[in-house]
Amino acid sequence: MSQITYHKLDPYPDPKDKTPIYINEPWVIDKSLLDYPVDYKVDERDNVRVYFPMDLSRDAILRRLNRVIAHYGEANEENESDFYEDVGMIISQIEIYDQIWFVRNMPEVGKHSAEAVSLVKDVISALEEIPDGCAECFLFETVEELRKEYLTE
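The shown structure was predicted, so the numbers you read here are calculated from the model rather than taken from an experiment.

Undergrad: Hey, could you run me through the side chain of His 112 in this one?
TA: Residue position: His 112 is located in the loop between α2 (80–105) and α3 (114–128). The buried category is assigned to His 112, whose relative accessible area is 5%. Within the structure, the side chain of His 112 is placed 2.5 Å from the side chain of Asp 98, a separation counted as a polar contact. A polar contact is formed between the side chain of His 112 and the side chain of Glu 149, at a distance of 2.8 Å.

See the structure below:
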């Protein structure tokens, strides 16, 4: 059930415009794609890919996490899978945020940026405050994975 992955960062969609960073992983914002196989192909005849801006700041990520937590309330057997997927999307955003800050600062020690480590500490604190309504795996495993990946270097 590992949620930790690395993302392919495209520096620009068109050689003329090198300002934004494009992440060509639509599942990061389209949860419905998680229900399809990895090799799922879009019908090219009617597909139009559009890009929506997403801010990946500490405040924006924490705001989205707080929204997910407020939506579900407690973690229980009924909402465990959806809760896990939504928090997984937040973790993907953290990973991208980490990769960008890591490349910007190139820390001499560790495999994660100081910005992401600090953010993950707050994410873990928020996740630990979620009431446990007898969920089997979610929450406990997610917190442990985050600790192992970001806080033990």
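On we go from here.
Undergrad: Hey, could you run me through the nonpolar core in this one?
TA: Soluble globular proteins tend to bury their nonpolar side chains together. Leu 65, Phe 83, Val 87, Ile 94, Val 123, Leu 127 and Leu 146 are the most contacted members of the largest nonpolar core, which totals 28 residues. At the level of secondary structure, the elements contributing two or more residues to this core comprise α1 (58–72), α2, α3 and α4 (140–151).

Undergrad: What should I look at first to understand the environment of Lys 111 in this one?
TA: Assignment of secondary structure puts Lys 111 in the loop between α2 and α3. Between the alpha carbons of Lys 111 and Gln 99 there is a distance of 9.5 Å; along the sequence they are 12 residues apart.

Undergrad: Can you walk me through the packing of α3 against α4 in this structure?
TA: The geometry of a pair of packed helices is captured by two quantities: the angle between their axes and the separation between those axes. Remark: α3 packs on α4, axes separated minimally by 10 Å, with the N-to-C direction vectors making an angle of 160 degrees. Here α3 is positioned roughly antiparallel relative to α4, judged by the angle of their axes. Both α3 and α4 take part in a crossing whose hand is left-handed. Along the contact surface, α3 presents Ala 116, Val 117, Val 120, Lys 121, Val 123, Ile 124, Leu 127 and Glu 128, while α4 presents Thr 142, Val 143, Leu 146, Arg 147, Tyr 150 and Leu 151. Of the residues assigned to the contact of α3 with α4, the class counts are 10 nonpolar, 1 polar and 3 charged.

Undergrad: Which parts of the structure should I look at to understand the side chain of Asn 76?
TA: Tracing the backbone through its elements, the reader meets Asn 76 in strand β3 (residues 75–76). Within the local environment of Asn 76, its side chain forms a polar contact with the side chain of Glu 74, the two groups lying 3.2 Å apart.

Undergrad: Explanation requested: unusual backbone geometry in the structure shown.
TA: Glycine aside, the phi torsion of most residues is negative, and most peptide linkages are trans. Backbone geometry places Met 106, a non-glycine residue, at a positive phi of 40 degrees. Turning to its location among the elements, Met 106 is positioned in the loop between α2 and α3. Residue Met 106 is classed as exposed on the basis of its relative accessible area of 52%.

Calculation rules
- Residues numbered from 1 in each chain as written.
- Predicted model: local features only at pLDDT ≥ 70, side-chain atom pairs only at ≥ 80, totals over all residues.
- Heavy atoms only, no water.
- Helix = DSSP H or I, 4+ residues; strand = E, 2+ residues; numbered from the N terminus.
- Buried < 20%, exposed > 50% of the residue type's maximum accessible area, 1.4 Å probe, protein only.
- Polar contact = N/O pair within 3.5 Å; in protein donor to acceptor, adjacent residues only side chain to side chain.
- Core = buried A, V, L, I, M, F, W, Y, C linked by side-chain atoms within 4.5 Å.
- Axes fitted to C-alpha atoms, helices over the stretch in contact; angles between N-to-C directions.
- Parallel < 35°, antiparallel > 145°, perpendicular 65-115°, else oblique.
- Left-handed = near helix turned anticlockwise from the far one by under 90°.
- Contact = heavy atoms within 4.5 Å.
- Nonpolar A, V, L, I, M, F, W, Y, C, P; charged D, E, K, R; others polar.

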